[in-house]
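Here are the chains, one letter per residue:
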Amino acid sequence: MNVTFSLDTDSDATVWPAMPLLGEGRGAARDRKKWAVRTAELLWALVDDEPDKKQVKKQTKMLAFELDAVAEQLPRTVPAHQVFLYVPDPRREFLTFLVHAGPSEGDVDATLDELVQKNEPGAAQDPEVIDFDTDRLGRGKRSIRYFVAAKAEAMCVSVNYAWRIESLGIDVIVRTVGEDIGWITANIDEFDAFARSLFVNLET
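Residues numbered from 1 in each chain as written. Predicted model: local features only at pLDDT ≥ 70, side-chain atom pairs only at ≥ 80, totals over all residues. Heavy atoms only, no water.

(A) Fine view of the overall build of the chain. Each helix and strand in the chain was counted, giving five helices and nine strands. Listed N to C, the secondary structure of the chain is β-β-α-α-β-β-α-β-β-β-β-α-α-β in terms of helices and strands. For the chain, whose C-alpha radius of gyration is 18 Å, the value lies close to the compact-globule estimate of 17 Å for 204 residues. With respect to the principal axes defined by its C-alpha atoms, the chain has extents near 55 × 45 × 30 Å. Per-residue burial over the chain gives 44% buried out of 204 residues. (Helix = DSSP H or I, 4+ residues; strand = E, 2+ residues; numbered from the N terminus. Rg over C-alpha atoms; globule rule 2.2 N^0.38 Å. Buried < 20%, exposed > 50% of the residue type's maximum accessible area, 1.4 Å probe, protein only.)

This is the structure we're talking about:
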């Protein structure tokens, strides 16, 4: 059975904005650019301790460019059904949280272990895997995995969430990856709170 769905959240949309996946074409490019500009302007409007208006204008344009570039790149490079951003402060690099879903297959524990990359080759150490059941999405797991990215040749960390949504017969993954290990690991509680806020919106 095919189920069309989307994940939604009641987390602060100024910290966790959704990124549109608009596809190819001139119209899509125009819509991405509009979204990037609006989002950058909104995020920088919330910064109240930057007195230099010229600097704010420059930083707003830079953030809009970065948002547009990432929105154009995804999901061509990495499969995703949805993308959320983590932008607690527009003055630092934002994180992308990619959402992917597929039909439920196999044993629950074994599948969730695979989805959170518990035994994925290339880890610098055994990933930290915990049960991560939520009231809204059901049975799940979360892992923190350290690895060396082949292209960047740098140590990276991924935070991976996976759930089996029995009522829909689907498994859902939410994942972020980055090189700023200290900052990412310091914000795990915020990521966990966001993950617990996620719920399914069925589309008719």
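Here the narrative resumes.
(B) The arrangement of the environment of D31 in detail. Within the element layout of this structure, D31 appears in helix α1 (residues 26-45). What makes D31 partly exposed here is its relative accessible area of 40%. Note: C-alpha distance between D31 and P121 (90 residues apart in sequence) is 39 Å.

(C) Molecular detail of the layout of surface pockets. In this model, the largest pocket occupies a volume close to 1,000 Å³. For the lining of the largest pocket, the secondary-structure elements that each account for two or more residues are α2 (53-73), β4 (95-103), β6 (139-149), β8 (170-178) and α4 (181-186). Each residue belonging to the lining of the largest pocket can be placed in one class, and the counts come to 18 nonpolar, six polar and six charged. (1 Å grid on protein atoms, 1.4 Å probe; cavity = no way out; pocket = protein on both sides within 12 Å on 5 of 7 lines; lining within 4 Å. Points joined across faces, edges and corners; volume = space filled by probe spheres on them. Nonpolar A, V, L, I, M, F, W, Y, C, P; charged D, E, K, R; others polar.)

(D) The arrangement of α1 in detail. Given a rise of 1.5 Å per residue, 20 residues ought to cover 28 Å, and the 29 Å separating the end C-alpha atoms of α1 matches this to within 8%. On its buried face, α1 is in contact with β2 (18-19), α2 and β3 (82-86). (Expected span 1.5 Å × (residues − 1). Contact = heavy atoms within 4.5 Å.)

(E) Representation of a positive patch on the surface in the model. A cluster of basic side chains, namely R26, R30, K34 and R38, defines a positive patch on the protein surface. The class of R38 is exposed, set by a relative accessible area of 53%. (Patch = residues over 30% accessible without salt bridge, like charges linked within 9 Å, V, L, I, M, F, W, Y side chains within 5 Å. Areas by Shrake-Rupley, 256 points an atom, 1.4 Å probe, with all protein chains shown as cover. Salt bridge = Lys/Arg side-chain N within 4 Å of Asp/Glu carboxyl O. Lys, Arg positive; Asp, Glu negative; His and termini not counted. Charge placed at Lys NZ, Arg CZ, Asp CG, Glu CD.)

(F) Spatial organisation of the sheet that holds β8. Strands sit in the order β2-β3-β4-β8-β7-β6-β5 across an open sheet of seven strands; the sheet is antiparallel. On the outer flanks of this sheet lie β2 and β5 (128-131), each paired with one strand and no other. Strand direction decides the pairing type here: β3 and β4, joined by five bridges, are antiparallel. Among the inter-strand pairings, F84 is bridged to a residue of β4, identified as F97. (Pairing = 2+ DSSP bridges.)

(G) Up close: the packing of aromatic side chains. For the structure shown, the criterion picks out 12 aromatic pairs. Taking the centre distance of 5.1 Å and the plane angle of 65° together, the rings of F132 and Y161 count as edge-to-face. Within this pair, whereas F132 is found in the loop between β5 and β6, its partner Y161 is found in strand β7 (residues 154-165), the two being separated by 29 residues in sequence. Here F132 and Y161 have matching classes, each one buried. Taken together, a centroid distance of 6.0 Å and an interplanar angle of 5° make the contact between Y161 and W163 stacked. What makes W163 buried here is its relative accessible area of 0%. An aromatic cluster of at least three residues, connected via ring pairs, comprises W16, F84, Y86, F97, W183, F191 and F194. The positively charged end of R92 is found above the aromatic ring belonging to W183, 3.9 Å away from the centroid. (Phe/Tyr/Trp six-rings, centres within 6.5 Å; stacked < 30°, edge-to-face > 60°. Lys NZ or Arg CZ within 6 Å of the ring centre and 35° of its normal.)

(H) Broad picture of the pairing of β6. Here β6 lies mainly inside the structure; nine of its 11 residues are buried. Sheet topology note: the β5/β6 ladder contains four bridges and is antiparallel. Bridging from a neighbouring strand, E128 pairs with I144 of β6. Pairing of β6 with β7, which is carried by 11 bridges, proceeds in the antiparallel orientation. Within β7, the position partnered with V148 by the bridge is M155.

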